[in-house]
Amino acid sequence: MSQIITTDDLISEVRSMLDEDNRESVTDAEDILPALNRAQNYAANILSRHYESPLLVKKDVTTVNSQMEYDIPEDAFEQRIEKLEVRINNIFYEMRRIDYRDISLFENKSSTSIPYYYVIIGTRYRIIPASNSIYPLRIWYLKDPLPLVASQGRINVVNTSSNYVIVDNVGSDVTTEADQLNSYLSIIDAQTGNRKATFQVKNVNGNRINFKTSPARSTVLNIPIDTDMSSLYLNDNSTEPRRNEGPTITIEPDDYVCVIKGSCVPFFKKPFSNFLVQYAIAEIRRKLGGPAELEQRVLKDLEDQVERSWVGREQTLRVKKVNDAWDLPVRRFYGIRS
């Protein structure tokens, strides 16, 4: 079992390295957490350029007849698309990205229903030509890591039939006020930092948190609010209500509870946890007016480690086919010529 690292651990390590116990000059919520989140954004940007696999996800998109534009997923890192494919006879074919200046060369009024190209326009992508609902798409993109927030308790007991959990210690941010954002809590996987489910708090009795089976809202921050702990299903699309199909999810002891706005477990472990801590230390030392030269040198070394995270892993570089003369029938790029 891998070591569990939480946001609280990172905050404690930052304070220990700073040797700063003054809660007035350096606060967890106003100073350390924002610095850790800026560090995570920086680390994710490095990953996206050097080793994108840890952030890579895919999503199936059902096309609408004659519709050309679709939203880039809200959780896409930097609103980027890595690859777009269309499914034809249960085989996926890669679509070719073109520049918006060349749209007029490819758009036409023909009745073809298979999209060949796509172009990014703002926060949407446009497929050309328009597809009908027969040919769905598959989009590959990098998932933006959830913001880091403080833990509100580690789960000790799960009672799915009565819709409650018992944690080691209920955090101070938890509220039962229905109109408050912090009345919605997410269950976080202790190993991956992924959100398993999100519920609305009904009441708190000691360290027992009871969840509502009829929440006030069905979605909050475009996150579906769950009602039944005994019937949870994976849904990789956070902008749609959870569907009662697909792989099931189980809430387990040692999972964590946090407010809906983020996750209390970093998405990637070493060397990223060290990087997050050192980045926060360097920022806060500058704020306090102290010398930060040593921290900056250590931070640069850790940044180099992050950039080299791909070293020793399986390589994916390959020669890419660009000429149909070298095509094999099973690899034919459907009708597009170089």
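Residues numbered from 1 in each chain as written. Predicted model: local features only at pLDDT ≥ 70, side-chain atom pairs only at ≥ 80, totals over all residues. Heavy atoms only, no water.

A. How the structure looks around the overall build of the protein chain. Along the backbone of the protein chain there are five helices and 16 strands. Within the protein chain, contacts between residues at least 6 apart in sequence are counted, and of these 65% link residues at least 24 apart. When the accessible surface of the protein chain is split by element, carbon and sulfur atoms take 47% of a total near 18400 Å². (Helix = DSSP H or I, 4+ residues; strand = E, 2+ residues; numbered from the N terminus. Contact = heavy atoms within 4.5 Å. Areas by Shrake-Rupley, 256 points an atom, 1.4 Å probe, with all protein chains shown as cover.)

B. Quick look at helix H4 (residues 272-288). The terminal C-alpha atoms of H4, which comprises 17 residues, lie 24 Å apart, in line with the 24 Å expected from a rise of 1.5 Å per residue. In terms of residue burial, H4 counts as a mostly covered element, since 12 of its 17 residues are buried. Looking only at H4, the buried set comprises Phe 272, Ser 273, Phe 275, Leu 276, Val 277, Gln 278, Tyr 279, Ala 280, Ile 281, Ala 282, Glu 283 and Ile 284. Just beyond H4, the residue with positive phi is Gly 289, at close to 80°. (Expected span 1.5 Å × (residues − 1). Buried < 20%, exposed > 50% of the residue type's maximum accessible area, 1.4 Å probe, protein only.)

C. Representation of helix H2 (residues 28-50). The terminal C-alpha atoms of H2, which comprises 23 residues, lie 31 Å apart, in line with the 33 Å expected from a rise of 1.5 Å per residue. Sitting at the head of H2, Thr 27 places a side-chain oxygen 3.1 Å from the backbone nitrogen of Glu 30. (Polar contact = N/O pair within 3.5 Å; in protein donor to acceptor, adjacent residues only side chain to side chain.)

D. Broad picture of the packing of aromatic side chains. Scanning all chains against the criterion turns up eight aromatic pairs. Aromatic side chains Phe 267 and Phe 272 sit 6.2 Å apart centroid to centroid with 50° between the ring planes, which places their arrangement in the tilted category. Its relative accessible area of 23% is what places Phe 267 among the partly exposed residues. The rings of Tyr 42, Phe 275 and Tyr 279 are connected pair by pair, giving a single aromatic cluster. The ring of Phe 92 carries Arg 138 above its face, with NZ or CZ at 3.7 Å from the centroid. Over the ring of Tyr 164 we find Arg 208, and its NZ or CZ is 3.6 Å from the ring centre. (Phe/Tyr/Trp six-rings, centres within 6.5 Å; stacked < 30°, edge-to-face > 60°. Lys NZ or Arg CZ within 6 Å of the ring centre and 35° of its normal.)

E. Fine view of the pairing of strand S9 (residues 151-159). Pairing geometry for S9 and strand S16 (residues 256-259), over two bridges, is antiparallel. For Arg 154, the partnering residue across the bridge sits in S16 and is Tyr 256. Bridging between S9 and strand S10 (residues 164-167) involves four bridges; their strand directions are antiparallel. Counted as the bridge partner of Val 158 is Val 165 from S10. Between S9 and S10, which pair antiparallel in sequence order, lie four residues; one of them, Asn 163, sits at a positive phi of approximately 60°. (Pairing = 2+ DSSP bridges.)

Shape descriptors only; they carry no functional weight alone.
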